[in-house]
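# Close look at the chain arrangement
Spelled out, the chains give:
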Amino acid sequence: MKRRIIITGGAGFIGSHVVRLFVNKYPNYQIINLDSLTYAGNLMNLADIEDKENYKFIKGDITDEIFVNHLFETEKPDGIIHLAAESHVDRSISDPLAFAKTNILGTMILLNAFKDLWKNNIDDKLFYHISTDEVYGSLGSEGLFEETTPYSPNSPYSASKASSDHFVRAYGETYNLPYLISNCSNNYGSYQFPEKLIPLFINNIIHNKALPVYGDGNYTRDWLYVIDHAIAIDLIFHKGKLTETYNIGGFNEWKNIDLVKLLCSQMDTKLNRKQGASETLITYVKDRPGHDLRYAIDASKISKELGWKPTVTFEEGLTKTIDWYVSNADWLNNVTSGDYLKYYNKQYQ
Ligand code: NAD
Ligand code: DAU
């Protein structure tokens, strides 16, 4: 079937992997990448597919209602995969309103435009909202997030994502809008902006800079290779049951400090440094306010119902990720110059 799909946030980290997968796998689909190119969006992420006939980039802001309505009327998308967001927890602590604007208002504007475009003609239409496991709050040392776990967000970022999830569901109930939601754990891989733990620490190790571990480093995250997230998104988009939520995770929990030590060791090997050299850069710094202790996903639903499981082990994924950042110094240098330096100095002063 020929489809017209708008992917929002397609120039960002996960979005660029999703755009690439859809453009290459579905030559008969028209893929429209809608992105405002904030500091986190970068068209270099898509240089390899920018000339494909079934791909189009449109620069625009999802919080601009007039623009979004006009775009939907002209492009008439039958599917939306919505990834555009402010995505970094630390930034949400210093500028919460920006997160409310993009993540809540932006999502509502897209929902409204999609609802108004199709009114009662909803067959084969789909609004697929990409969300996070952070909406569930924090786990203690036991248990896993299930699709039925009550929402309990702790940061302005996760509160804004939780709110957007609720609006998607509310549009489904109230206006019959066909929707799906997935909530994923921490992603890692190529093209991730180096403000997030893994690329930040890789970049700092390359430049022999301190590795700022928050608090005691005993916080736990469940890590998933970004391409496995993109594969899950493809499956859910095509085979997910309308109005359902799917949790996606890596079955791969790591305490931050253990992960950082593994990363240090792999970086020493990659950079031909003496084993132990990078670990000396570890510096314990002031904790993140409201820092969630542990995230861990029960991904058995997507596994049983849609047959998804991660294709890449953590060791393989981390090696591929390190190789990519070390051989893409231009990309790293390009995104870490300019405004990012001001952010970095303020965050880690
Ligand atoms: P990212 O910050 O790398 O990319 C976000 C993209 O959205 C950028 O290209 C940016 O330019 C664009 N954008 C931001 N504001 C916009 C606006 N107002 N209008 C149009 N475009 C705008 O984010 P990411 O890490 O790729 O995350 C993508 C989505 O996945 C987000 O919704 C995030 O909440 C969710 N998610 C991320 C992770 C993770 O580990 N990174 C895990 C689970 C869920
Ligand atoms: O769980 C999914 C979420 O994962 C996504 O929704 C978010 O968009 C994404 O940013 C990520 O959130 P985290 O806050 O878990 O990711 P981050 O890489 O910022 O931090 C991972 C852990 O490392 C967390 O416990 C905080 C810690 N940390 C992070 C940074 C940036 C440090 O100790 N030092 C740091 O400098």
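Residues numbered from 1 in each chain as written. Chains lettered and ligands numbered in written order. Predicted model: local features only at pLDDT ≥ 70, side-chain atom pairs only at ≥ 80, totals over all residues. Heavy atoms only, no water.

## Quick look at the overall build of the protein
Regarding its fold elements, the protein presents 12 helices and 12 strands. Its C-alpha atoms give the protein principal-axis dimensions of about 65 × 45 × 40 Å. For the protein, the proportion of its 349 residues judged to be buried stands at 56%. Of the accessible surface of the protein, which amounts to about 14900 Å², a share of 52% is contributed by carbon and sulfur atoms. The averaged location of the 43 negative side-chain charges in the protein is 2 Å from the averaged location of its 35 positive side-chain charges. (Helix = DSSP H or I, 4+ residues; strand = E, 2+ residues; numbered from the N terminus. Buried < 20%, exposed > 50% of the residue type's maximum accessible area, 1.4 Å probe, protein only. Areas by Shrake-Rupley, 256 points an atom, 1.4 Å probe, with all protein chains shown as cover. Lys, Arg positive; Asp, Glu negative; His and termini not counted. Charge placed at Lys NZ, Arg CZ, Asp CG, Glu CD.)

## With respect to the sheet that holds strand β3 (residues 55-59)
The seven strands are arranged β3-β2-β1-β4-β5-β6-β10 in an open sheet whose pairing can be described as parallel. Each of the sheet's edge strands pairs with one partner strand only, and the pair in question is β3 and β10 (245-248). Taking the axes of each pair of neighbouring strands and ignoring which way they run, one obtains an average angle of 20 degrees across the sheet. Here strand β1 (residues 4-8) runs beside strand β4 (residues 79-82); their pairing, made up of four bridges, is parallel. Note on β4: the bridge partner recorded for threonine 8 is histidine 82. Against the sheet, helix α4 (residues 96-118) makes contact with β1, β2 (30-35), β4 and β5 (126-132), and its axis sits at roughly 165 degrees relative to β5, the strand it touches most. (Pairing = 2+ DSSP bridges. Axes fitted to C-alpha atoms, helices over the stretch in contact; angles between N-to-C directions. Contact = heavy atoms within 4.5 Å.)

## As for the site of ligand 2
Close to ligand 2 lie 26 residues; Thr132, Asp133, Tyr157, Arg288 and Tyr348 are nearest. One nitrogen or oxygen atom from the side chain of asparagine 186 is found 2.8 Å from an oxygen atom belonging to ligand 2. Take leucine 197: an N or O atom from its main chain is 2.8 Å from an oxygen atom of ligand 2. Bound to the protein, ligand 2 loses 95% of the 690 Å² it would expose on its own. If you list the elements that add at least two residues to the shell around ligand 2, you get α3 (89-94), α6 (197-206) and β8 (211-214). Of the residues belonging to the shell around ligand 2, the class tally is 12 nonpolar, seven polar and seven charged. (Near = heavy atom within 4 Å. Polar contact = N/O pair within 3.5 Å; in protein donor to acceptor, adjacent residues only side chain to side chain. Nonpolar A, V, L, I, M, F, W, Y, C, P; charged D, E, K, R; others polar.)

## With respect to the sheet that holds strand β9 (residues 220-225)
Spatially, three strands are ordered β7-β9-β11 in an open sheet, and the strand pairing comes out mixed. Each of the sheet's edge strands pairs with one partner strand only, and the pair in question is β7 (186-188) and β11 (253-255). Each strand of the sheet is rotated relative to its neighbour by a mean of 50 degrees, with strand direction disregarded. Pairing of β9 with β11, which is carried by three bridges, proceeds in the antiparallel orientation. When the bridges of β11 are listed, aspartate 222 appears paired with glutamate 253. The sheet strands contacting helix α7 (residues 226-239) are β7 and β9, and the helix crosses β9 at an angle near 70 degrees.

## Comments concerning the pairing of β4
What you see with β4 is no split at all: Gly79 and Ile81 on one side and Ile80 and His82 on the other are buried throughout. Bridge count for β4 against β5 is four bridges, and the pairing is parallel. From the neighbouring strand, histidine 82 faces β5, where its bridge partner is histidine 129.

## So, the pattern of salt bridges
Where side chains of opposite charge bring their charged atoms close, a pairing between them can arise. Tallied over the entire structure, the rule returns 13 salt bridges. Between arginine 4 and glutamate 75 there is a salt bridge, and its shortest N-O distance comes to 2.5 Å. With arginine 4 in strand β1 and glutamate 75 in helix α2 (residues 65-75), the pair connects residues that are 71 residues apart, well separated along the chain. A residue is classified by how much of its surface remains accessible, and glutamate 75, at 9% relative accessible area, is buried. A single network of salt bridges, built from pairs that share partners, joins Arg4, Lys56 and Glu75. (Salt bridge = Lys/Arg side-chain N within 4 Å of Asp/Glu carboxyl O.)

## Digging into unusual backbone geometry
A positive phi angle is found at leucine 37, which is not glycine, with a value near 55 degrees. Here leucine 37 shows up in the loop between β2 and β3. Notably, lysine 119 is not glycine yet its phi reads approximately 35 degrees, a positive angle. Mapped onto the elements of the fold, lysine 119 is located in the loop between α4 and β5.

## A look at the layout of surface pockets
Estimated volume of the second largest pocket: approximately 670 Å³. In this structure, the second largest pocket is lined by 26 residues; those nearest its centre are Asp90, Tyr343, Lys346, Gln347 and Tyr348. At the level of secondary structure, the elements contributing two or more residues to the lining of the second largest pocket comprise α3, α4, β8, β12 (282-285) and α12 (339-347). Considering every element that reaches the lining of the second largest pocket, the biggest residue donor is α12, with five residues. For the lining of the second largest pocket, a count of residues per class yields 12 nonpolar, five polar and nine charged. (1 Å grid on protein atoms, 1.4 Å probe; cavity = no way out; pocket = protein on both sides within 12 Å on 5 of 7 lines; lining within 4 Å. Points joined across faces, edges and corners; volume = space filled by probe spheres on them.)

## Remarks on the site of ligand 1
As a matter of local geometry, ligand 1 sits amid 29 residues, with Ile14, Asp35, Ser87, Tyr157 and Lys161 nearest to it. Contacts to ligand 1 include phenylalanine 13, whose backbone N or O atom sits 3.1 Å from an oxygen atom. Separating an oxygen atom of ligand 1 from a backbone N or O atom of leucine 83 is a distance of 2.9 Å. Here ligand 1, which alone exposes 840 Å², has 96% of that area covered by the protein. Elements with a minimum of two residues in the shell around ligand 1: α1 (13-25), β5, α5 (156-175) and β7. It is β5 that provides the largest number of residues to the shell around ligand 1, a total of three residues. By residue class, the composition of the shell around ligand 1 is 12 nonpolar, 13 polar and four charged.

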